[in-house]
Each structure stands twice: as structure tokens, then as C-alpha cells.
Amino acid sequence: MPNAPIENKVKSATAATFVVSLLIAVLNQVVADNSLLGPLPSWLQPVIIAVAPAGITFLSGWYAAHSPRVDA
């Protein structure tokens, strides 16, 4: 099943999560204290904040059981 096409719902969820995560990363850098990721280099912190949730969303959507389609 690794070669199966990616459904649109998975692509949309991944893109939306990435955009929101990127916004959160920018706000974290500008407004808040980023001590949680303090040991990491400053350039890597926003990348991790943006990519990690998108990857998790993609994997959870990919491996989720899909509802069977009913013929009308």
C-alpha cells in the first residue's frame, strides 16, 4: 500500500496544519519565550515547530481507516 495515491483530504489536512504551525512558530519567535526549544539552534526551532505537526497529521491521515463508500 505504500504506492497508493494520497487522497485530497490528507493533502489538505497536511497543508493546513503546516500553515498554522508556521504561524505559531513565527509568533513564538516574535512574542513568546522559546525556552522549550532553547538547546536547539535558533534557525532549526521554527522548522521543527512547522514540520513536526504536519508530518504527524499526514501519517495519521494516511494510516487512518477510511469509511467504506456506499453506492447510491
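Everything below is about the structure printed above this text.
Just so it is clear, the structure is predicted and the values come from calculations on it, not from any experiment. (Residues numbered from 1 in each chain as written. Predicted model: local features only at pLDDT ≥ 70, side-chain atom pairs only at ≥ 80, totals over all residues. Heavy atoms only, no water.)

1. Focus on the overall build of the protein chain
Secondary structure assignment for the protein chain yields two helices and zero strands. For the protein chain, the proportion of its 72 residues judged to be buried stands at 15%. Of the contacts made within the protein chain by residues no fewer than 6 positions apart, 70% connect residues no fewer than 24 positions apart. Carbon and sulfur atoms form 70% of the exposed surface of the protein chain, whose accessible area is close to 5,600 Å². (Helix = DSSP H or I, 4+ residues; strand = E, 2+ residues; numbered from the N terminus. Buried < 20%, exposed > 50% of the residue type's maximum accessible area, 1.4 Å probe, protein only. Contact = heavy atoms within 4.5 Å. Areas by Shrake-Rupley, 256 points an atom, 1.4 Å probe, with all protein chains shown as cover.)

2. Re the side chain of Q45
Mapped onto the elements of the fold, Q45 is located in helix α2 (residues 44-63). Judged by relative accessible area, Q45 falls into the buried class, the value being 3%. Within the structure, the side chain of Q45 is placed 3.1 Å from the backbone oxygen of L40, a separation counted as a polar contact. (Polar contact = N/O pair within 3.5 Å; in protein donor to acceptor, adjacent residues only side chain to side chain.)

3. Comments concerning the packing of helix α1 (residues 8-30) against α2
Helix-helix packing is characterised by the crossing angle of the two axes and by the distance between the axes. Two elements in contact, α1 and α2, have axes separated by 8 Å at closest approach and are oriented at 160°. Taken together, the axis directions place α1 and α2 in an arrangement best described as roughly antiparallel. You can see that α1 and α2 cross each other, and the crossing is right-handed. Between α1 and α2, the residues in contact are V10, A13, T14, T17, F18, S21, L22, A25, N28 and Q29 and Q45, P46, I49, A50, V51, P53, A54, T57, F58, G61 and W62, respectively. When the residues that make up the contact of α1 with α2 are grouped by side-chain class, the tally is 13 nonpolar, eight polar and no charged. (Axes fitted to C-alpha atoms, helices over the stretch in contact; angles between N-to-C directions. Parallel < 35°, antiparallel > 145°, perpendicular 65-115°, else oblique. Left-handed = near helix turned anticlockwise from the far one by under 90°. Nonpolar A, V, L, I, M, F, W, Y, C, P; charged D, E, K, R; others polar.)

4. A few points about the environment of I56
Here I56 shows up in helix α2. For I56 and T17, which are 39 residues apart along the polypeptide, the C-alpha to C-alpha distance reads 9.5 Å.

5. Structural notes on α2
Helix length check: α2 (20 residues) gives 28 Å between terminal C-alpha atoms against 28 Å at 1.5 Å per residue, within 8%. Of the positions making up α2, those classed as buried are Q45, I49, A50, A54 and W62. (Expected span 1.5 Å × (residues − 1).)

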